[in-house]
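# A closer look at the structure
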Amino acid sequence: MDYLLTLNPQQREAVTAPPGPILVLAGPGSGKTRVLTYRVAYLIGALGVRPFHILAVTFTNKAAREMENRIIATVGAQARGVTIGTFHATCARILRREADHLPFDANFVIADTDDQRRLIKNVLQELNLDPKQYAPQKLHAAISRLKNEGIFPENFEPSSYGEKVLKQVYEAYQNRLLSSNLVDFDDLLLWTLHLLQTVPAVRQRYARRFQHILVDEFQDTNLVQYELVRLLGSHYRNIFVVGDADQSIYSWRGADYRNVLRFEQDFPDAKVILLEQNYRSTQTILDAAMAVIAPLQGKHRKQLFTSRGAGQKIAIRRVPDDREEARYVVETIASLVARGQAQPGDFAIMYRINAQSRVLEEAFLRAGLPYRLVGAQRFYGRREVKDALAYLRLAHNPADEPSLMRVINVPPRGIGTKTIAALRTAARRAGLAPGTLLLHMAAAPEDYQNFFSPRALKALLGFARPLAQWYELALSVSPADLMATILADVGYKEYLLDGTEEGEERWENVRELHRLASRYNEEGLSAFLEEVTLVSDQDTLEDAENTPILLTLHAAKGLEFPHVFIVGLVEGLLPHSRAWDNEDEMAEERRLFYVGLTRAKDQVYLTYPEMRMLYGYAEPAEPSRFLEEIPPELTTGDHPARGTTYWQGPRWEPAPAAETREPEFHAGDKVRHPRWGEGLVIGSRIKDGAELVDVAFESVGLKRLDAALARLEKIT
DNA sequence: GCATCGGATTTTTTT
DNA sequence: AATCCGATGC
């Protein structure tokens, strides 16, 4: 147990605490991953707990893999018996095993966001609801919220007309999922909870099996997850949770950091251990980070400290726009690397929204420097990848309606909206999923002659017959071979390769997917489909390569880098404009910035552009309020409070009177711009005290300008 | 049934 | 800017 010697007293206290409920409040960089890992090792090595009786829940699959490897390194191969995984993956395993008690069967497929949206749109159509009035996205979010609170459609009591509609949609949506043998992300948790609540035998089996439960990132669990932990731990009460309320950044997906308080209430005998010493960052970085979250009130206000010393000041840089910002990032990295002061892999560039990655990518490409982008979306979100996966899912489970609808006419095979509507109707009458009906049709086409026009029947059979073959084939061949067969059958390669470069790229992606599938020869199709659906963004990150990494602040959680850039520090982006009128969301933006800052070991670089791109237009941007709150003495460069004149002239204040100000420019005015020449004013409006003028220039087309900044001159 | 065009709409973060 | 949607014409 040499590893115990490497821990500080608080860490050791946590690792060696006697069984029972334990709450570890761990600041960033305080070694919580080590504590969790060693705790498992200690349970096995010192207390003789059998790995089979341990459940460890992590936030990403990558974290799960790492933890497993580290436990194995500490206590040996027997550690493989520990159940380690994300909530979602663990629940999926339980549901497959216990499917007998549930309204779907064990080979269910997990519906991703895309499937969910598709289904909701279908449901709206079926219920004759206008998707303009009831935005599918909003409904989806509302349904997800209900699920995260543990509410099934039948338990939802609507209290307004809107909620009544919501209930209707939720009900229909849930039925669709079930008839397609699908389970969405939230369902994985919800059905597992339902199972544990309603089938005592199952609850007891798992509660007795998991003598010890450990949960990482506890501040980002939602209510259902909390209940799951509580029920699974109900027999032994050995629940070890680690979290940091200041790093709670997922409330929009139902996470509730108050689970930390709830835990203290539900387990009044819980031992609470504080880890405050930071082993990651310099004191300057910690001081800046604490300043950012100082306005938040909390019960346990932490004082982060390190023995590493002050270190470098935080570099703040003001830049004209996002392109210059990206150039600054790339040049700074290149010059530090050239001078031998850092390795390319020492750098991470973080941003608030994914859209910001593009300009950065372009800058790296232009400079000819390699980079890595963290984000599953990048690959698994591609149309061609989704198509190929939909085919595989369909072969695995023909009842999968979203997958069927996705590919039934891709490549085009004469099955249009009319035919699909007829197929749907026929399926509903027969009480079958459309895909199942197609299987029947392939076997006995004559049964359907009366229902479909000859033309429709022929088109449908053109799909139904191969589908029936794939369904057979799926049982006997590997996922990779199945994929190859299907794609060859439908001529997918020819469909993609249309002579354009984009087509080439798409086909490359399909081949990449095929390569991934070939890793699942042993585990089979079901495992492959599950893996590709549950990948998290971080899971796509491979450690080996020595290149800078681009990622969102959310994806940065749990990671650390010597040098961290956070870009786009302007009002509207960080904090995001969606948080402007909501105190809770604003607090979360603050924590998000805090998470970003505390990822850095040695040096932080913050940048803010004067102009922000929005929907293709440049708009003037104000420095983020968070930037101003960092004590200037911790920084070098362009701290907004350093008295650097912001815009030319007096600083632009959104005065109340300005709201009623009349625009100086009007549609029809002719104007001249020093750079773009003559143009015609299309319109002008006052927004936040600034006059925004839309001008159509002969030279460059339509531009939106701030009248106070652009030197626009009226001409007659 | 399908391709094309123009207009509207969009972006927060992700399992 | 990029994508999605619906209307139009073939």
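That block above? That's the structure.
Source: prediction; values computed, not measured.

This part takes up the overall build of chain A. Within chain A, the secondary structure is distributed over 26 helices and 22 strands. Its C-alpha atoms put chain A at 80 × 75 × 55 Å along the principal axes. Split into buried and exposed, the 716 residues of chain A put 56% on the buried side. In chain A, of all internal contacts separated by at least 6 residues, the share reaching a separation of at least 24 is 73%. For chain A, the exposed area adds up to about 32,500 Å²; of that, 49% sits on carbon and sulfur atoms. One finds the centroid of the 86 positive side-chain charges in chain A at a distance of 2 Å from the centroid of its 94 negative side-chain charges.

Moving on: unusual backbone geometry. Of note, the amide linkage connecting valine 410 to proline 411 takes the cis form, showing an omega dihedral of -5°. Summarising the element assignment, proline 411 is placed in the loop between helix 17 (401-407) and helix 18 (417-430). A cis amide bond, omega 0°, links leucine 574 with the succeeding residue proline 575. Assignment of secondary structure puts proline 575 in the loop between strand 13 (561-566) and helix 25 (583-597).

Around DNA strand C sit Lys121, Arg358 and Tyr615, and that is every residue in its neighbourhood. Here the atoms of DNA strand C within 4 Å of the protein split so that 70% fall in sugar or phosphate, with bases taking the remainder. The contact in question runs from a phosphate oxygen of DNA strand C to an N or O atom on the side chain of lysine 121, over 2.6 Å. Contact distances for DNA strand C include 2.8 Å between a phosphate oxygen and a side-chain N or O atom of arginine 358.

Here we take up the environment of glutamate 633. Assignment of secondary structure puts glutamate 633 in the loop between helix 26 (625-629) and strand 17 (635-637). Sequence-wise, glutamate 633 and lysine 313 are 320 residues apart; in three dimensions their C-alpha atoms are separated by 8.3 Å.

A surface patch of like charges, here negative, comprises Asp498, Glu501, Glu504 and Glu505. The residue aspartate 498 is located in the loop between helix 22 (492-496) and helix 23 (501-517) in this model.

Turning our eyes to something else, we now look at the sheet that holds strand 3 (residues 83-86). Strand order in the open sheet formed by 6 strands is 3-2-6-7-1-8, with parallel pairing between adjacent strands. At either margin of the open sheet sits one strand with a lone partner, and together these are strand 3 and strand 8 (271-275). Within this sheet the neighbouring strands show an average axis-to-axis angle of 15°, counted without direction. Note: strand 6 (residues 212-215) against strand 7 (residues 239-243), 3 bridges, orientation parallel. Considered in strand 7, the bridge of isoleucine 213 is made with isoleucine 239.

As a further point, take the pattern of salt bridges. This structure, assessed with the given rule, holds 38 salt bridges. Residues arginine 515 and glutamate 512 are paired through a salt bridge, measuring 2.9 Å at the closest nitrogen-oxygen approach. A residue pair is termed a helical-turn pair when its members lie 3 or 4 positions apart in one helix, as arginine 515 and glutamate 512 do in helix 23 at 3 residues. Using a relative accessible area of 44% as the deciding quantity, one classes arginine 515 as partly exposed. Put simply, arginine 591 and glutamate 588 hold a salt bridge, and the shortest N to O gap is 3.1 Å. Taken together, the residues span about one helical turn, with arginine 591 and glutamate 588 both in helix 25 at a distance of 3 residues. Note on accessibility: arginine 591 and glutamate 588 belong to one class, buried.

Okay, helix 18 next. Taking 1.5 Å per residue as the helical rise, helix 18 with its 14 residues ought to reach 20 Å, and the 20 Å between its terminal C-alpha atoms agrees with that figure. Here helix 18 has its buried residues at Thr419, Ile420, Leu423, Arg424, Ala426 and Ala427. Relative to the axis of helix 18, the buried residues are bounded by an arc of 165° and lie together on one face. Those residues of helix 18 that are exposed and angled more than 90 degrees off the buried face are Thr417, Lys418, Arg428 and Arg429. Against the buried residues of helix 18 lie helix 5 (113-126), helix 7 (161-179), helix 17, helix 19 (434-443) and helix 20 (454-473). Trailing helix 18 by a residue or two, glycine 431 shows a phi angle of about 70°, which is positive.

We now examine the sheet that holds strand 17. The 7 strands lie next to each other as 11-12-10-13-14-9-17, forming an open sheet whose pairing is parallel. Each edge of the open sheet carries a strand with a single partner, namely strand 11 (372-373) and strand 17. Strand direction decides the pairing type here: strand 13 and strand 14 (residues 600-609), joined by 5 bridges, are parallel. By the bridge assignment for strand 14, valine 564 is matched with valine 604.

Glancing now at the packing of aromatic side chains. A ring pair, where both rings are aromatic, is described by two values, the distance of the centres and the angle of the planes. For the coordinates displayed, the defined rule picks out 22 aromatic pairs. Where phenylalanine 379 meets tyrosine 380, the ring centres are 5.1 Å apart and the plane angle is 80°; that geometry is what we call edge-to-face. Of the two residues, phenylalanine 379 and tyrosine 380, neither departs from the other in class, the shared state being buried. Look at tyrosine 520 and phenylalanine 528: their rings are 5.2 Å apart centre to centre, the planes differ by 55°, and that puts the pair in the tilted class. For tyrosine 520, a relative accessible area of 15% gives the class buried. Through a chain of ring-to-ring contacts, the aromatic side chains of Phe104, Phe108, Phe152 and Trp191 assemble into a single cluster. Just above the ring of phenylalanine 108 sits the side chain of arginine 96; from NZ or CZ to the centre is 4.0 Å. If you follow arginine 253 out to its NZ or CZ, it ends over the ring of tyrosine 250, 4.4 Å from the centre.

This paragraph deals with the packing of helix 12 (residues 283-293) against helix 25. The N-to-C vectors of helix 12 and helix 25 enclose an angle of 175°; their axes lie 9 Å apart at closest approach. When the interaxial angle is binned, helix 12 and helix 25 end up roughly antiparallel. For the pair helix 12 and helix 25, contact is made by Ile285, Ala288, Ala289, Val292 and Ile293 and by Arg590, Arg591, Phe593, Tyr594 and Leu597, respectively. For the contact of helix 12 with helix 25, the per-class residue count stands at 8 nonpolar, no polar and 2 charged.

Time to look at the protein's contact with DNA strand B. Near DNA strand B, the surroundings consist of 28 residues, among which Arg352, Gly416, Ser536, Asp537 and Arg578 are the closest. Sugar and phosphate atoms constitute 56% of the interface atoms of DNA strand B, taking the interface as everything within 4 Å of the protein. The contact in question runs from a phosphate oxygen of DNA strand B to an N or O atom on the side chain of glutamine 137, over 3.0 Å. The side chain of tryptophan 252 places a nitrogen or oxygen atom 3.0 Å from a base oxygen of DNA strand B. Tallied by class, residues from the surface near DNA strand B come to 8 nonpolar, 13 polar and 7 charged.

A few words on the side chain of glutamate 588. With a relative accessible area of 7%, glutamate 588 lands in the buried category. At 2.6 Å, the side chain of glutamate 588 forms a polar contact with the side chain of serine 251.

Let us now look at the packing of helix 6 (residues 136-148) against helix 7. Between helix 6 and helix 7, the shortest axis-to-axis distance is 10 Å and the interhelical angle comes to 80°. One finds that helix 6 runs roughly perpendicular with respect to helix 7. Packed against helix 6, whose contacting residues are Leu139, Ala142, Ile143, Leu146 and Lys147, the element helix 7 presents Leu166, Val169, Tyr170, Tyr173, Gln174 and Leu177 at the interface. Of the residues that constitute the contact of helix 6 with helix 7, the class distribution is 9 nonpolar, 1 polar and 1 charged.

So, how was this worked out
- Residues numbered from 1 in each chain as written.
- Chains lettered and ligands numbered in written order.
- Predicted model: local features only at pLDDT ≥ 70, side-chain atom pairs only at ≥ 80, totals over all residues.
- Heavy atoms only, no water.
- Helix = DSSP H or I, 4+ residues; strand = E, 2+ residues; numbered from the N terminus.
- Buried < 20%, exposed > 50% of the residue type's maximum accessible area, 1.4 Å probe, protein only.
- Contact = heavy atoms within 4.5 Å.
- Areas by Shrake-Rupley, 256 points an atom, 1.4 Å probe, with all protein chains shown as cover.
- Lys, Arg positive; Asp, Glu negative; His and termini not counted.
- Charge placed at Lys NZ, Arg CZ, Asp CG, Glu CD.
- Near = heavy atom within 4 Å.
- Polar contact = N/O pair within 3.5 Å; in protein donor to acceptor, adjacent residues only side chain to side chain.
- Patch = residues over 30% accessible without salt bridge, like charges linked within 9 Å, V, L, I, M, F, W, Y side chains within 5 Å.
- Salt bridge = Lys/Arg side-chain N within 4 Å of Asp/Glu carboxyl O.
- Pairing = 2+ DSSP bridges.
- Axes fitted to C-alpha atoms, helices over the stretch in contact; angles between N-to-C directions.
- Expected span 1.5 Å × (residues − 1).
- Arc of directions from axis to C-beta.
- Phe/Tyr/Trp six-rings, centres within 6.5 Å; stacked < 30°, edge-to-face > 60°.
- Lys NZ or Arg CZ within 6 Å of the ring centre and 35° of its normal.
- Parallel < 35°, antiparallel > 145°, perpendicular 65-115°, else oblique.
- Nonpolar A, V, L, I, M, F, W, Y, C, P; charged D, E, K, R; others polar.

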